[in-house]
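# Chains, contacts and geometry: an overview
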Amino acid sequence: MKILAVDTSSMVASASITDDNKLVCEITLNNKLTHSQTIMPIIDRAFKMSELTPDDIDLYAVSNGPGSFTGLRIGVTTVKGLAHATGKPVVGVNTLEAMAYNVPFCPHIISPIMDARRGEVYNALYMFEDGVLKEIEPPRAIALDDCIDELLKKGLNTVFLGDGMPIFKEKLEKSMGDMAAFVPQNLNQQHAAAVAEAAKNKSPINYGKLVPVYLRKSQAEREREERGIKQC
């Protein structure tokens, strides 16, 4: 089964093509250009380098949240457009779950953390059991302090990754000591191939049902609500 996977949930734009257990192509870009400028050229390049066309793809997969609100909308819309044009099914993959596949067979708790601002992180907890990824805590927006307290109560070594890791590494080290470990740079960011791997275990849906999963309201929505409360 050929899968084209896309991840635009963060500053990273990534697209991959896999064929069963073979990674045919993966292109990942992390610079100042916006996803609206990069993701379609990346996908087009992946097709050309793989000598494939959109019609050759059996399943389209996308990281549909949490993450950047604008990035998620671009990724989801791109995949829906490709699926609509080819009549192929889609799969939405949670960003945090896909990131856990960056460290397969890890014997410790895997804790992806994405910076959600205002002292919060997008986070979930996973562990591999007999090679199968298991969800310990579901995706949520959570205060970093609450996340640390939760992990300390579990009393297990934890591996951190994600764009929140460099920001909060010092605090995590201070709070958790030897219980905290951190992935190297090459495993820290989102990879479309990990989205494809996670997609293999999910049921395909019609592209019309694919939507972003934000976990919390946008900053603009929160500011409107705050202005409304002050006016009352």
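For the structure given in this document, a descriptive report is provided here. (Residues numbered from 1 in each chain as written. Predicted model: local features only at pLDDT ≥ 70, side-chain atom pairs only at ≥ 80, totals over all residues. Heavy atoms only, no water.)

## Topic: the side chain of Ser63
We apply this condition: Comment: elements are numbered from the N terminus, with helices defined as DSSP H or I runs of at least four residues and strands as E runs of at least two. Accessible area is worked out with a 1.4 Å probe on protein chains only. A residue is then buried under 20% of its type maximum, exposed over 50%, and partly exposed in between. Polar contact is the term for a pair of N or O atoms within 3.5 Å; when the atoms are in protein, one must be able to donate a hydrogen and the other to accept it, and sequence-neighboring residues count only if both atoms are side-chain atoms. Contacts were defined at the residue level, with two residues in contact if any of their heavy atoms lie within 4.5 Å.
Mapped onto the elements, Ser63 comes out in strand β4 (residues 59-63). Taking the relative accessible area as the measure of exposure, Ser63 reaches 0% and is therefore buried. Here the side chain of Ser63 touches Thr95 through a polar contact of 2.7 Å, side chain to side chain. Leave out the neighbours within four places in its chain, and Ser63 touches Val6, Asp7, Ser9, Leu72, Val93, Thr95 and Val195.

## Description of the environment of Asn31
Note on placement: Asn31 falls in the loop between β3 (22-29) and α1 (35-50). With 19 residues separating them in the primary sequence, Asn31 and Val12 have C-alpha atoms 7.5 Å apart. Only 3.0 Å separates the side chain of Asn31 from the backbone nitrogen of Leu33, close enough to count as a polar contact.

## Things to note about the pairing of strand β9 (residues 158-161)
Cut-off, in case you're wondering: Any two strands are treated as partners once DSSP identifies two or more bridges connecting them. A crossover counts as right-handed when, viewed with the strands pointing away from the observer, the path leading from the first strand over the helix to the second turns clockwise.
Burial along β9 is two-sided: Thr158 and Phe160 facing one way and Val159 and Leu161 facing the other are all buried. Relative to β9, strand β6 (residues 109-117) runs parallel, the two being bridged by 4 bridges. Paired with Pro112 across the two strands is Leu161, which belongs to β9. Judged from the 3 bridges that link them, β9 and strand β10 (residues 180-182) form a sheet pairing that is parallel. Its bridge partner lying in β10, Thr158 is registered against Ala180. The parallel pair β9 and β10, bridged by helix α5 (residues 164-176), forms a crossover whose chirality is right-handed.

## Digging into α5
Since the α-helix packs 3.6 residues into each turn, any two residues three or four apart lie on the same face. Selection rule: Two axes enter the bend calculation: one fitted to the seven residues ending at the residue in question, the other to the seven starting there, and the bend is the angle between them.
At Glu170, α5 shows its largest kink, close to 45°. By the burial criterion, the buried members of α5 are Gly164, Met165, Phe168, Leu172 and Met176. As for α5, its buried residues are in contact with β6, β7 (120-129), α4 (144-154), β9, β10 and α6 (185-188). Just beyond α5, the residue with positive phi is Gly177, at close to 60°.

## Side note on the sheet that holds β4
Counted only if it meets this: Axes here mean lines fitted to C-alpha atoms, for a helix over just the part in contact, with angles spanning 0 to 180 degrees between N-to-C directions.
If you walk across this open sheet you meet the 5 strands as β3-β2-β1-β4-β5, and the pairing is mixed. Here the strands that pair on one side only, and so sit at the sheet edges, are β3 and β5 (90-93). Strand after strand, the sheet turns through a mean of 15° between neighbouring axes, direction not considered. Across 4 bridges, strand β1 (residues 2-7) lies against β4 in parallel orientation. Note that in β4 the partner of Leu4 across the bridge is Tyr60.

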